[in-house]
Amino acid sequence: MSNKRSLDAYVQAGTLVLQGNWDFRAPAGALSHLKNVLENAPSIQAIDFKGVDNVDFVFLMLLYDLLGHKKPKFLNANAYTARVLEVVENWIREDPSILKQEHAMRTFKNPLDKLGRGVASFYGTLLNTFNFCGMVVYYVGLVLIRPKTLCLAPLTHHIHESGFKVLPVSILTVFVVGFAIALQGAVELQQMGFPMMSIEMTAKLALREMGPFILALVVAGRSASSFTAQIGVMKITEELDAMKTMGLNPFQFLVLPRVLALVIAMPLLVFIADTFALLGAMIAIKFQLNVGFTHYVARLHENVGLSHFFVGMVKAPFWGFAIALVGCMRGFEVKGDTESIGRLTTISVVNALFWIIFLDALFSVIFSKLNI
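Starting from 1, residues in each chain are numbered consecutively following that chain's sequence as written. Residues qualify for local features only when their pLDDT is at least 70, as the model is predicted, and side-chain atom pairs are given and counted only at 80 or more; totals for whole chains, interfaces and linings, by contrast, use all residues. Each side-chain value is worked out from all heavy atoms of the structure, with water and hydrogens disregarded.

## A closer look at helix α13 (residues 338–369)
1) Next: Per the convention used, a helix needs a DSSP run of H or I reaching at least four residues, while a strand needs a run of E reaching at least two, with both numbered from the N terminus. Expected helix span is taken as 1.5 Å per residue step, with the number of steps being one fewer than the number of residues. In a regular helix each residue adds 1.5 Å, so 32 residues correspond to 46 Å; α13 covers 47 Å between its end C-alpha atoms and thus fits that length.
2) Next: Of the residues one or two after α13, N371 is the one with positive phi, at around 55°.

Right under this line is the structure:
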């Protein structure tokens, strides 16, 4: 004769008392009865598991769903039940989709809640960024001390994938922007009576800002999202855990090659972008002012110094470092399901664009103070 109790659920003095074997085999009638008990109970302060023979994750997830915003205490739970409750609570706390509705209601009730969470999130992200940046610098230092630890195959692969594969769209974008800016500048300066000044003006703009900046935006949109998606998928599929089990350092094999690849590739890409930006400006000047290419190159050589070219080149590795850093960091933050990959991929692109603009403004201030 079985010693298991029959399924039952009732409320006694504000405590929900459960009896029997509550798991995935519980009949629909018992679950419907439990739902009615919870809906009709005015206030449940605790749940008593003393009479429960067995529970599982399926039932506890259903119980959390039925409880909604109620957070009762759990009484008389044995070691196994307590462990299952702890796992379910941690999983619900980490999964943003589980508490999305509850968070929305709290935000509606308290307008300052969203602001406070935003400030806390920004502070946490800032700390994570500095921590991640410090780890990158640490591993770069290790590579300088022991060059054999650098993985050359992933490095060359990412230089090709994240650098030179972006050249076609970058060249086209920079060429079109260079043509448009030079054409508009030539038209305006022609009306003011200084048409030839458009040559050096657009050339300086292309070398210092336009070519490098437009290229960085294109690389950020492509590479930051790519890094986040790649590392995020590896985390969800537990490939990162497998690498750790095999004794491999995910940071050394995944992050460092990507960061160094963009740091190396960005100056080369900027050089090519500057060339096509000047080519676009040259064609625009020829179209609007009928200035020959030889005359354009001669005036460019006379009035535009190499310092303008080096200003754009100095920014390039810093932009590459920021783009790769943000993309990899957001990839390691992926957790839960594939929905977080799309969300963090979008965030990584936005963050990368922000750091590009911030670094550009910072370098502009520095170069202006140095009169460069």
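## Overview of the pairing of strand β1 (residues 8–12)
1) Next: Bridging between β1 and strand β2 (residues 15–22) involves five bridges; their strand directions are antiparallel. Each residue of the ladder has a partner; that of V11, found in β2, is L16.
2) Next: Connecting the antiparallel pair β1 and β2 is a turn made up of two residues, with A13 showing a positive phi of about 55°. Note on pairing: two strands pair once DSSP finds at least 2 bridges between them.

## What to know about the UniProt feature "transmembrane region" (unreviewed entry) in the chain
1) Next: UniProt records the feature "transmembrane region" (unreviewed entry) at residues 122–145, 166–187, 255–285, 305–332 and 344–367, using the numbering of this structure.
2) Next: This span, residues 122–145, is 100% helix and 0% strand, and a straight line between its end C-alpha atoms measures 35 Å.
3) Next: Counting secondary structure, residues 344–367 comes out at 100% helix and 0% strand; the distance between its end C-alpha atoms is 34 Å. UniProt positions are given in the numbering used here, feature names are shortened, and annotations may be inferred rather than shown by experiment.

## Some remarks on the pairing of β2
1) Next: Across the eight residues that make up β2, a large majority, seven, are buried.
2) Next: Summarising the sheet, β2 and strand β3 (residues 46–55) pair through seven bridges and their orientation is parallel. Its bridge partner lying in β3, N21 is registered against N54. Only protein chains enter the accessibility calculation, which uses a 1.4 Å probe. A residue is then buried if its area is under 20% of the maximum for its type, exposed if over 50%, and partly exposed in between.

## As for the packing of aromatic side chains
Each aromatic ring pair is described using two quantities: the centre-to-centre distance and the angle formed by the ring planes.
1) Next: Aromatic rings from Phe, Tyr and Trp, taking only the six-membered ring of Trp, are treated as a pair when their centres fall within 6.5 Å; an angle between ring planes under 30 degrees marks them as stacked, one over 60 as edge-to-face, and anything in between as tilted. Tallied over the full model, the rule gives 12 aromatic pairs.
2) Next: Judged by centre distance (6.0 Å) and plane angle (50°), the rings of F132 and F332 are tilted. One end of the pair, F132, is in helix α5 (residues 111–145); the other, F332, is in helix α12 (residues 306–332), with 200 residues separating them in the sequence.
3) Next: Between F271 and F309 the ring centres are 6.0 Å apart and the planes differ by 85°, which places this aromatic pair in the edge-to-face class. With F271 in helix α10 (residues 250–289) and F309 in helix α12, this residue pair connects regions lying 38 residues apart in the sequence.
4) Next: For F271, a relative accessible area of 47% translates into the label partly exposed.
5) Next: On the accessibility criterion, F309 (17% relative accessible area) is buried.
6) Next: Three or more aromatic residues joined by ring pairs make a cluster, and in this case those are F132, Y138, Y139, F251 and F332.

## Structural notes on the pattern of salt bridges
1) Next: Just to be clear on terms, a salt bridge is a Lys or Arg side-chain nitrogen sitting within 4 Å of an Asp or Glu carboxyl oxygen. Applying the stated criterion to the full structure yields five salt bridges.
2) Next: Ionic pairing is found between K315 and E209, a salt bridge with its closest N-O pair at 2.8 Å. Here E209 lies in helix α8 (residues 197–236) and K315 lies in helix α12, a separation of 106 residues in the sequence.
3) Next: The residue E333 makes a salt bridge to R330 at a minimum N-O spacing of 2.7 Å.
4) Next: Taking relative accessible area as the criterion, E333 reaches 25% and is therefore assigned partly exposed.
5) Next: We classify R330 as buried; its relative accessible area is 7%.

## Digging into the domain arrangement of the chain
1) Next: An automatic or database domain assignment supplies the residue ranges for each domain. In terms of domain boundaries, the chain breaks down into domain 1 (8–94) and domain 2 (150–370).
2) Next: Taking the mean C-alpha position of each, domain 1 and domain 2 sit 55 Å from one another.

## With respect to the side chain of K315
1) Next: With a relative accessible area of 0%, K315 lands in the buried category.
2) Next: Identification of polar contacts relies on pairs of N or O atoms within 3.5 Å, with a donor-acceptor requirement for protein atoms, meaning one able to donate a hydrogen and the other able to accept it, and with residues adjacent in sequence counted only if both atoms are side-chain atoms. Here R208 takes part through its backbone oxygen, which lies 3.2 Å from a polar atom of the side chain of K315.
3) Next: Beyond its immediate chain neighbours, meaning those up to four positions away, K315 contacts R208, E209, D360, F363 and F367. We call two residues contacting when some pair of their heavy atoms lies within 4.5 Å.

## Comments concerning the state of the cysteines
1) Next: Cysteine sulfur atoms are paired as a disulfide whenever they come within 2.5 Å of each other. Here the structure, examined in full by the defined rule, presents zero disulfides.
2) Next: Of all cysteine sulfurs in the structure, the one in C328 sits closest to C133, which takes part in no disulfide; the separation is 12 Å.
3) Next: Here C151 stays unpaired: no disulfide links it, and the sulfur of C328, its closest cysteine neighbor, is 14 Å away.
4) Next: In this structure C151 comes out as buried when scored by relative accessible area, which is 15%.

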